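Tertiary structure, described
Below, each chain spelled out in residue letters.
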Amino acid sequence: MSLEEAGFSVLGTTAVLFEAPGPMTLAAQRRIWALAREAETWLEVREAVPGMNNLMLSLKQPPRRLEALQERLRAAWAAAEPLELEGRVIELPVVYGGAGGPHMADVAAHTGFGLDEIVERHSAPLYPVYALGSHPGYCYLGGMDPRIATPRRKVPVLSIPGGAVSIGGAQTGVSASAGPSGWNTIGSTDMGFFDPMRDPPALLQPGDSIRFRVERVIR
Amino acid sequence: MIEILSSSALATVQDLGREGGLRWGVGTSGAMDPLALAAGNLLLGNEESAAAIEIPVFPFRVRFAEDCAFAVAGADCAATLDTRPLMPWSTYEARAGQVLSLGVPQGGAWRAARAYLCLAGGVDVPVVLNSRSTQLRGAFGGLDGRALRKGDTLRAGTPGRATRATGIGLVPPALVLPLQRDGCAAMRVLPAAEYEGYTAASREAFWSTPWKVTPQSDRYGYRLAGVALEPIAAMEMRSHGIVPGVIQVPPGGQPIVQMRDAQPSGGYPKLGTVIEADLWRLGQAPIGSQVRFIRATWDEAVAALAEVRAWLDESGRLLDLHQGLRQAS
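Scoring rules and cut-offs
Residues numbered from 1 in each chain as written. Chains lettered and ligands numbered in written order. Predicted model: local features only at pLDDT ≥ 70, side-chain atom pairs only at ≥ 80, totals over all residues. Helix = DSSP H or I, 4+ residues; strand = E, 2+ residues; numbered from the N terminus. Rg over C-alpha atoms; globule rule 2.2 N^0.38 Å. Buried ≥ 20, exposed ≤ 12 C-beta atoms within 10 Å, placed from the backbone. Contact = placed C-beta atoms within 7 Å. Domains from an automatic or database assignment. Nonpolar A, V, L, I, M, F, W, Y, C, P; charged D, E, K, R; others polar. Expected span 1.5 Å × (residues − 1). pLDDT = per-residue confidence, 0-100. Pairing = 2+ DSSP bridges. Axes fitted to C-alpha atoms, helices over the stretch in contact; angles between N-to-C directions. Parallel < 35°, antiparallel > 145°, perpendicular 65-115°, else oblique. Left-handed = near helix turned anticlockwise from the far one by under 90°. Core = buried A, V, L, I, M, F, W, Y, C linked by C-beta atoms within 7 Å.

1. A word on the overall build of chain A
Tallying secondary structure elements over chain A gives four helices and 13 strands in all. In terms of C-alpha radius of gyration, chain A reaches 18 Å, essentially the compact-globule figure of 17 Å for 219 residues. Taken across its 219 residues, chain A has 49% of its residues classed as buried. The contacts of chain A with a sequence gap of at least 6 include a subset with a gap of at least 24, amounting to 60%.

2. Quick look at the overall build of chain B
What chain B contains, in helices and strands, is five helices and 21 strands. At 20 Å, chain B has a C-alpha radius of gyration in line with the 20 Å of a compact globule built from 329 residues. Projected onto the principal axes, the alpha-carbon positions of chain B cover approximately 65 × 40 × 30 Å. Sorting the 329 residues of chain B into buried and exposed places 52% on the buried side. For chain B, contacts bridging at least 24 residues in sequence account for 77% of all contacts bridging at least 6.

3. Details of the environment of M144 of chain A
All names here are of chain A. Here M144 is to be found in the loop between strand 7 (139-141) and strand 8 (157-160). Through-space distance from the C-alpha of M144 to that of L55 is 21 Å; in sequence the pair is 89 residues apart. Not counting chain neighbours up to four residues away, the residues in contact with M144 comprise P125, A170, Q171 and T172.

4. Here we look at the domain arrangement of chain A
Residues and elements named next belong to chain A. Domain assignment breaks chain A into domain 1 (7-79) and domain 2 (89-218). Taken together, the contact between domain 1 and domain 2 spans seven residues of the former and eight residues of the latter. Residue contributions to the side of domain 1 that touches domain 2 peak at three residues, all from helix 1 (residues 26-39). The residue makeup of the side of domain 1 that touches domain 2, split by class, is five nonpolar, two polar and no charged.

5. Brief notes about the interface of chain B and chain A
Counting residues at the interface gives 41 residues for chain B and 46 residues for chain A. Contributions of two or more residues to the side of chain B that touches chain A are made by strand 16 (240-241) and helix 5 (298-328) of chain B. Among the elements that line the side of chain B that touches chain A, the one with the most residues is helix 5 of chain B, at four residues.

6. Comments concerning helix 5 of chain B
Each turn of an α-helix holds 3.6 residues, which means side chains three or four residues apart point in the same direction. Between its first and last C-alpha, helix 5 of chain B extends 45 Å over 31 residues, near the 45 Å set by a 1.5 Å rise per residue. By the burial criterion, the buried members of helix 5 of chain B are A301, V302, S315 and L319 of chain B.

7. Quick look at the confidence of the model for chain B
Taken residue by residue, chain B gives an average pLDDT of 94. The fraction at 70 or more is 98%. Listed scores for the predicted complex are pTM 0.92 and ipTM 0.93.

8. Side note on the domain arrangement of chain B
All names here are of chain B. In terms of domain boundaries, chain B breaks down into domain 1 (1-174) and domain 2 (180-296). If you average the C-alpha positions of domain 1 and of domain 2, the two centres end up 28 Å apart. Tallying the contact residues gives 18 residues for domain 1 and 14 residues for domain 2. Class assignment for the residues of the side of domain 1 that touches domain 2 results in seven nonpolar, seven polar and four charged.

9. Looking at the sheet that holds strand 9 (residues 99-102) of chain B
Residues and elements named next belong to chain B. Read across the sheet, six strands follow the order 7-6-9-4-1-11 without closing on themselves; strand pairing throughout is antiparallel. Each edge of the open sheet carries a strand with a single partner, namely strand 7 (84-85) and strand 11 (153-154). As judged from the two bridges shared by strand 6 (residues 80-81) and strand 7, these two strands associate in the antiparallel manner. Counterpart to T80 in the pairing with strand 7 is P85.

10. Here we look at the sheet that holds strand 10 (residues 115-119) of chain B
All names here are of chain B. Strands sit in the order 2-3-10-5-8 across an open sheet of five strands; the sheet is antiparallel. The open sheet has two free edges, formed respectively by strand 2 (12-14) and strand 8 (90-94), since each of these has just one partner strand. Averaged over all pairs of adjacent strands, the angle between strand axes in this sheet comes to 30 degrees, irrespective of strand direction. Pairing between strand 5 (residues 68-74) and strand 10: five bridges, direction antiparallel. Bridge pairing in strand 10 links F70 to L119. In this fold helix 1 (residues 34-44) packs onto strand 2, strand 3 (52-55), strand 5, strand 8 and strand 10, with an angle of close to 150 degrees to the strand it touches most, strand 5.

11. Some words on the packing of helix 1 of chain B against helix 5 of chain B
For any two helices packed against each other, one specifies the inter-axial angle together with the distance between the axes. Residues and elements named next belong to chain B. Relative to each other, helix 1 and helix 5 sit at 15 degrees, their axes nearing to 10 Å. Viewed along their axes, helix 1 and helix 5 adopt a mutual orientation that is roughly parallel. In this structure, helix 1 crosses over helix 5, and the sense of that crossing is right-handed. From helix 1, L35, A38, A39, L42 and L43 reach across to helix 5, where they touch V308, L312, S315, G316 and L319. For the contact of helix 1 with helix 5, a count of residues per class yields eight nonpolar, two polar and no charged.

12. Quick look at the environment of A205 of chain B
Following the sequence through the fold, A205 of chain B ends up in helix 3 (residues 200-208). C-alpha of A205 of chain B to C-alpha of A115 of chain B: the two residues are 90 residues apart in sequence and 32 Å apart in space.

13. Quick look at the nonpolar core
Formed by 151 residues in total, the largest nonpolar core has its most connected members in L55 of chain A together with F70, Y116 and L117 of chain B. In terms of residues, this core owes the most to one element, helix 1 of chain B, which gives eight residues. If near-sequence neighbours (up to four positions away) are discounted, L55 of chain A is found in contact with F18, I32, L35, A36, A39, A48, V49 and P50 of chain A.

14. Regarding the environment of Q61 of chain A
Residue and element names in this part refer to chain A. In this fold, Q61 is placed in the loop between strand 4 (54-59) and helix 2 (66-79). The exposure class assigned to Q61 is partly exposed, which follows from the 13 C-beta atoms found within 10 Å. With 35 residues separating them in the primary sequence, Q61 and Y96 have C-alpha atoms 46 Å apart.

15. Comments concerning unusual backbone geometry
Residues D199 of chain A and P200 of chain A are joined by a peptide bond in cis, for which omega reads -5 degrees. Along the chain, the position of P200 of chain A falls in the loop between strand 12 (184-188) and strand 13 (209-218). Geometrically, the link from F58 of chain B to P59 of chain B is a cis peptide bond, its omega value of 0 degrees lying close to zero. Considering the arrangement of structural elements, one finds P59 of chain B in the loop between strand 3 and strand 4 (60-64). Located in the positive-phi region is D82 of chain B, a residue other than glycine, with phi close to 55 degrees. Along the chain, D82 of chain B falls in the loop between strand 6 and strand 7. One non-glycine residue, A139 of chain B, lies in positive phi territory at about 55 degrees. By the secondary structure assignment, A139 of chain B is in the loop between strand 10 and strand 11.

Have a look at this one:
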């Protein structure tokens, strides 16, 4: 994807992906939130799903003219003003390393940092929730220190437990339930992120923020 | 009411899937072979989207605690009602106390992996977030959000005598809408955003060589084995929405096709997407079998979806016609 030009691609016949140009920022994400609000009012759109500086549209049926949808998205993006969402701050106590952080050594090997430096850099920021995805209640977070970025694993792990704190590329997050993952798990926490009987069912929404508090570091 | 007699796990309650939860990270779930589920329901006069039991491990047995009409669609698994052999893709009436047994799927031109047991009125479990499908990752939907176990009981929406004629069947879509390459089940694919990021040799191999369905294939995804697919340069993506059918390629080079329990978002590069109209073919591909991918154009993919819809409409029309003739006679 060019840094100057927005990306547009198809995911089969009933979903399209729009990717914002430029570096990943909260400002761009606020425009993605605005674009989602706009696109979900379009007749052919089943659901507008923000990702990390991108937006997937799930469609009720294949668009008759793909170019028309692409053009409409580009125009709406150009017109999108940042949407300021006021959210809550949730603090999560994290045990870093040990059995709950099996890939800490891989992050250390990739970044060249020691355990304490990784923990310090990971727990310093206030992480805004950019989007939900992956599995029920899971939050994609912005704001990770790029110096601890670590590529996704060559082969995904078949199951990591709920509460796993992990790094995938330049992103970090907390799994809300056990399941497969390609990310590097560096710690664990304990929090219920999703209840299907609640309205809304997810604990956190875009605009909320997470702070990781160091509860313990296991060497 | 039916009682599950088999301890073989992995059978789940599924309907056509859950919509509207992607923004909370809730994937679609739903039948791996939506055509079989919809056709089984049509046979019983149910809504196409009624819930049924998806069975991927055999043998599988249930006892009917009351009279109930049912249909078995999908894999041809030598079903018997007590000792009576049954035809696949057909409706029958069970009497209270009778046992339905599904055996290992039959070979032949098209050996499928999953059978669907549809009940009159659909399997009656609570609707959670717009669907009765089991959401295994979130542990909700279906029966208590989990796979079925021996001793579980499920209610049919409208048990009792069949409202539809019994003993009639449909010709399965694998025969009506066949798609194979060199003797392998084939699926049409639309290239996705990172397609051009793979070497020409890898792209060529993707279309021209068979892909083995590995044992690490399930409702979440089909992990395929074949030629290692190599990117021109390493790609690290931002997480974005994905749908069932998306073919991700982790850095190991072996593709994973996202299936119905797939995460609704991901970050591995995407080579293509198995088109919606053909995803049932992959959902029915047994572990150990080989599949092939066929490059489709946008128009072909859209036409294929219309063809699937037309098959279901025609099936419904024929069943209505048969019903009308039976009532008139």
